[in-house]
Amino acid sequence: MKFPLKNKRNAVLLALGLFVLSPLYSLAQDQYITVRDFETWSSLQVQAKLSKRMKISAEQQLRFNDNSSALQQSFSQLSGAYTWKNDLYVGGALRYASVAKDSVFQPRLRWNIDAGYEHELGRFDFGYRLRFQSRSIVNDPTALAKNVIRVKAKVGYNVRDWKLDPSLALELFSETDVLTTPNKLRATLSTSYKLSKSTSVSAFYRVEKELFEVYPLTAHIVGARLKYSFKTY
């Protein structure tokens, strides 16, 4: 069978195009990369104030990603903090999480220690926190723990005759083996509202962006927390 010259030329161009695009197709099939996502986080927290300077809390949280269509992580966490008169504080937390990885949930254990300082200036509230955290996979003893340093600064404003006082926080994440090169930036705009003397609800909008990656992920996150607190003294 004979083909017209024009058809032969089109067939050659089509074959060449498929040859050029095939690696990209294979990459898309084998390494699907998400560079933008919308997530929702929700949590329930119970806090006990043991004294004027010491408190402990328990929290349960769910996190959804893939445009909030899939459960990405659930965790239970115990934490505590002690504050001195000069508004310096130290704290720590222990977290057990189930994290989705390649359609399988992995059990992970994370602990952290914190040191921070808070103070007021007029109607502004300022806070600074340094955190060291370490996370490991529970059922994989060969996997190395991932250690991260987090530096956070926060400012809030007490609006006169307004119960939804806003706050803005910026936080940098750096792995301990490359401290001079942060790998993630987090910005959070939040507010809270007291439903009663012991119960409050808070909400936030957060943007997380990976830094210095070939395909950096930018996640837009909306979250809410219901908190119940009580005193034991």
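Shown above is the structure to which this text applies.
In short, a report on the structure. Since this is a predicted model, take the numbers as computed values, not measurements.

Things to note about the pairing of strand β1 (residues 36-49)
Reasoning step 1: By the bridge criterion, 14 bridges tie β1 to strand β11 (residues 218-231) in an arrangement that is parallel. Across the sheet, the residue bridging to R36 is T218, located in β11.
Reasoning step 2: By the bridge criterion, 10 bridges tie β1 to strand β2 (residues 54-65) in an arrangement that is antiparallel. Within β2, the position partnered with W41 by the bridge is R63.
Reasoning step 3: The turn joining β1 and β2, which pair antiparallel and follow one another in sequence, is formed by four residues.

Notes on a positive patch on the surface
Reasoning step 1: On the surface, a cluster of positive charge is contributed by K49, K52, K55, K194, K197 and K231.
Reasoning step 2: Along the polypeptide, K197 turns up in the loop between β9 (184-194) and β10 (199-210).
Reasoning step 3: Judged by relative accessible area, which is 81%, K197 ranks as exposed.

Describing a nonpolar patch on the surface
Reasoning step 1: Judged by side-chain polarity, L44, W162, L164, Y193, L195, V201 and L226 come together as a nonpolar surface patch covering roughly 620 Å² of accessible area.
Reasoning step 2: Its location among the elements puts V201 in strand β10.

Remarks on the side chain of S174
Reasoning step 1: For S174, the position within the fold is in strand β8 (residues 166-175).
Reasoning step 2: Apart from the residues lying within four places of it in its own chain, the contact partners of S174 are N147, V148, I149, L179, T181, P182 and N183.

Concerning a negative patch on the surface
Reasoning step 1: A surface patch of negative charge is lined by D87, E118, E120 and D125.
Reasoning step 2: Tracing the chain through its elements places D125 in strand β6 (residues 124-137).
Reasoning step 3: Note on D125: relative accessible area 35%, which makes it partly exposed.

Topic: the sheet that holds strand β4 (residues 88-101)
Reasoning step 1: The 11 strands are arranged β1-β2-β3-β4-β5-β6-β7-β8-β9-β10-β11 in a closed barrel whose pairing can be described as mixed. Direction aside, the axes of adjacent strands within the sheet are offset by 20 degrees on average.

With respect to unusual backbone geometry
Reasoning step 1: Phi is positive for S68, which is not a glycine, with a value near 65 degrees.
Reasoning step 2: Take S68: it is sitting in the loop between β2 and β3 (70-83).
Reasoning step 3: Positive phi outside glycine occurs at S103, with the angle close to 70 degrees.
Reasoning step 4: Structurally, S103 can be placed in the loop between β4 and β5 (104-121).
Reasoning step 5: For S103, a relative accessible area of 79% corresponds to the exposed category.

Here we look at the pattern of salt bridges
Reasoning step 1: One pass over the full model with this rule turns up eight salt bridges.
Reasoning step 2: Between E171 and R186 there is a salt bridge; the shortest N-O distance is 3.9 Å. Of this pair, E171 sits in strand β8 while R186 sits in strand β9, and the two are 15 residues apart along the sequence.
Reasoning step 3: A residue is classified by how much of its surface remains accessible, and E171, at 4% relative accessible area, is buried.
Reasoning step 4: Judged by its relative accessible area of 11%, R186 is buried.
Reasoning step 5: For E208, the salt bridge goes to R186, with nearest N and O atoms at 2.4 Å. Pair noted here: E208 is in strand β10 and R186 is in strand β9, with a separation of 22 residues, a long-range link.

Some details on the pairing of β11
Reasoning step 1: Sheet analysis places β10 next to β11, joined by 11 bridges and oriented antiparallel. Note that in β11 the partner of E208 across the bridge is A219.

Digging into the packing of aromatic side chains
Reasoning step 1: Under the counting rule described, the total for this entry stands at seven aromatic pairs.
Reasoning step 2: Plain terms: the ring middles of W41 and F204 are 6.2 Å apart, the flat faces sit at 75 degrees to each other, and that makes the pair edge-to-face. Pair noted here: W41 is in strand β1 and F204 is in strand β10, with a separation of 163 residues, a long-range link. The exposure classification of W41 matches that of F204, with both residues buried.
Reasoning step 3: Judged by centre distance (6.1 Å) and plane angle (35 degrees), the rings of Y228 and F230 are tilted.
Reasoning step 4: Taken together, the ring pairs connect F124, F126 and Y157 into an aromatic cluster.

Rules of the game
- Residues numbered from 1 in each chain as written.
- Predicted model: local features only at pLDDT ≥ 70, side-chain atom pairs only at ≥ 80, totals over all residues.
- Heavy atoms only, no water.
- Pairing = 2+ DSSP bridges.
- Helix = DSSP H or I, 4+ residues; strand = E, 2+ residues; numbered from the N terminus.
- Patch = residues over 30% accessible without salt bridge, like charges linked within 9 Å, V, L, I, M, F, W, Y side chains within 5 Å.
- Areas by Shrake-Rupley, 256 points an atom, 1.4 Å probe, with all protein chains shown as cover.
- Salt bridge = Lys/Arg side-chain N within 4 Å of Asp/Glu carboxyl O.
- Lys, Arg positive; Asp, Glu negative; His and termini not counted.
- Charge placed at Lys NZ, Arg CZ, Asp CG, Glu CD.
- Buried < 20%, exposed > 50% of the residue type's maximum accessible area, 1.4 Å probe, protein only.
- Contact = heavy atoms within 4.5 Å.
- Axes fitted to C-alpha atoms, helices over the stretch in contact; angles between N-to-C directions.
- Phe/Tyr/Trp six-rings, centres within 6.5 Å; stacked < 30°, edge-to-face > 60°.

Fair warning: the whole summary comes from geometry, so function is off the table for now.
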